[in-house]
Amino acid sequence: RDLHSFPTRRSSDLNRSFLALAILPGVVSIGAAPRAEAAAPSRCIATTPRTISTGGTAWVPAASVGGTTNCYLEYDTAAYNPATYRLQESLRSAEGQYYVAVDGYYGSVTRRAVVNIQNRYGLTTDGVYGPNTGRAMRWLASNGTAGWWI
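Worth saying up front: this structure is predicted, and the values here are computed from it rather than measured. (Residues numbered from 1 in each chain as written. Predicted model: local features only at pLDDT ≥ 70, side-chain atom pairs only at ≥ 80, totals over all residues. Heavy atoms only, no water.)

Asks: What is the right way to look at the nonpolar core in this model?
Replies: The biggest cluster of nonpolar side chains holds 20 residues, and the ones touching the most others in it are L73, L87, L91, Y129, M137 and W139. Of all the secondary-structure elements, those providing two or more residues to this core are β3 (57–62), α2 (82–93) and α3 (108–120). (Core = buried A, V, L, I, M, F, W, Y, C linked by side-chain atoms within 4.5 Å. Buried < 20%, exposed > 50% of the residue type's maximum accessible area, 1.4 Å probe, protein only. Helix = DSSP H or I, 4+ residues; strand = E, 2+ residues; numbered from the N terminus.)

In structure tokens, the structure reads:
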């Protein structure tokens, strides 16, 4: 046998090899449990009471009445939202964003105030209120004090 001659594969052998490689990932994953994904926050449409660091109770944005605070608010001037109203109330009275009108509409001024708060607390400055912004900022309690969620 000549040392310089190598056995060659037929093209049908190569095609079968490539086919096996192409279907292998599908075969390996059969029966594997799907990865759990974190639930995406829903839109805040209500408020819920939260105890704050001063001992008072603040009404904060929530996904439903008495529901989770894992929700978001973003630019929306089409409809009044009680969650936006409570956010604006605390932006103005607890966080010193005095130029914010407390009207329940998430417009450009509310968005700018949220960006200011996100910047102040080292968060991503996208102007969208979400759980991280809610945990970072101070809230106005019904007894007139301001504090953080506990």
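Asks: What exactly am I supposed to notice about the packing of α2 against α3 here?
Replies: What describes two packed helices is the angle between their axes and the distance between those same axes. At a minimum axis distance of 11 Å, the contact between α2 and α3 shows a crossing angle of 55 degrees. Our classification of the angle between α2 and α3 gives oblique. Where α2 crosses over α3, the handedness of that crossing is left-handed. Contact residues: L87, Q88 and L91 in α2; T110, A113, V114 and I117 in α3. Grouping the constituent residues of the contact of α2 with α3 by class yields five nonpolar, two polar and no charged. (Axes fitted to C-alpha atoms, helices over the stretch in contact; angles between N-to-C directions. Parallel < 35°, antiparallel > 145°, perpendicular 65-115°, else oblique. Left-handed = near helix turned anticlockwise from the far one by under 90°. Contact = heavy atoms within 4.5 Å. Nonpolar A, V, L, I, M, F, W, Y, C, P; charged D, E, K, R; others polar.)

Asks: Teacher, can you tell me more about α2 here?
Replies: Since one α-helical turn is 3.6 residues long, residues separated by three or four positions face the same way. The end-to-end C-alpha distance of α2 is 16 Å, a good match for the 16 Å that 12 residues give at a rise of 1.5 Å each. By the burial criterion, the buried members of α2 are A83, T84, L87, Q88, E89, S90 and L91. Residues of α2 that are buried sit in contact with β2 (46–51), β3, α3 and β5 (139–140). (Expected span 1.5 Å × (residues − 1).)

Asks: Please clarify how the packing of aromatic side chains should be interpreted in this entry.
Replies: For any pair of aromatic rings, the description rests on two quantities: the centre-to-centre distance and the angle between the ring planes. All told, the structure shown has four aromatic pairs when counted by the stated rule. When the ring of Y80 is compared with that of Y85, the centres are 6.4 Å apart and the planes differ by 50 degrees; the resulting orientation is tilted. Judged by its relative accessible area of 29%, Y85 falls in the partly exposed class. Consider the rings of Y80 and Y105, whose centres lie 6.2 Å apart with planes at 70 degrees: the pair is edge-to-face. In this pair, Y80 is assigned in the loop between β4 (71–72) and α2 and Y105 in the loop between α2 and α3, connecting sequence segments 25 residues apart. Overall, the relative accessible area of 45% leaves Y80 in the partly exposed class. Through a chain of ring-to-ring contacts, three or more aromatic side chains come together here, namely Y80, Y85 and Y105. Against the face of W149 rests R50, its NZ or CZ located 4.3 Å from the ring centre. (Phe/Tyr/Trp six-rings, centres within 6.5 Å; stacked < 30°, edge-to-face > 60°. Lys NZ or Arg CZ within 6 Å of the ring centre and 35° of its normal.)

Asks: Quick question: what am I supposed to make of the confidence of the model for the protein chain here?
Replies: It should be kept in mind that the predicted coordinates are not to be read in detail where pLDDT is low. For the protein chain, the average pLDDT comes to 83, and 74% of its residues sit at 70 or higher. For the protein chain, helix α1 (residues 11–29) is the element with the lowest average pLDDT, namely 45, and α3 is the one with the highest, namely 98. Note on residues 14–37: pLDDT is under 50 here. Beyond four places in sequence and across chains, it has three contacts. (pLDDT = per-residue confidence, 0-100.)

Asks: Before we go on, may I ask you to explain α3 in this structure?
Replies: Helix length check: α3 (13 residues) gives 18 Å between terminal C-alpha atoms against 18 Å at 1.5 Å per residue, within 8%. Turning to α3, its buried residues number three or more, namely T110, A113, V114, I117 and Q118. Seen along its axis, α3 keeps its buried residues to an arc of 140 degrees; they face one direction. Exposed residues on α3 whose side chains face more than 90 degrees from its buried face are S108 and N119. (Arc of directions from axis to C-beta.)

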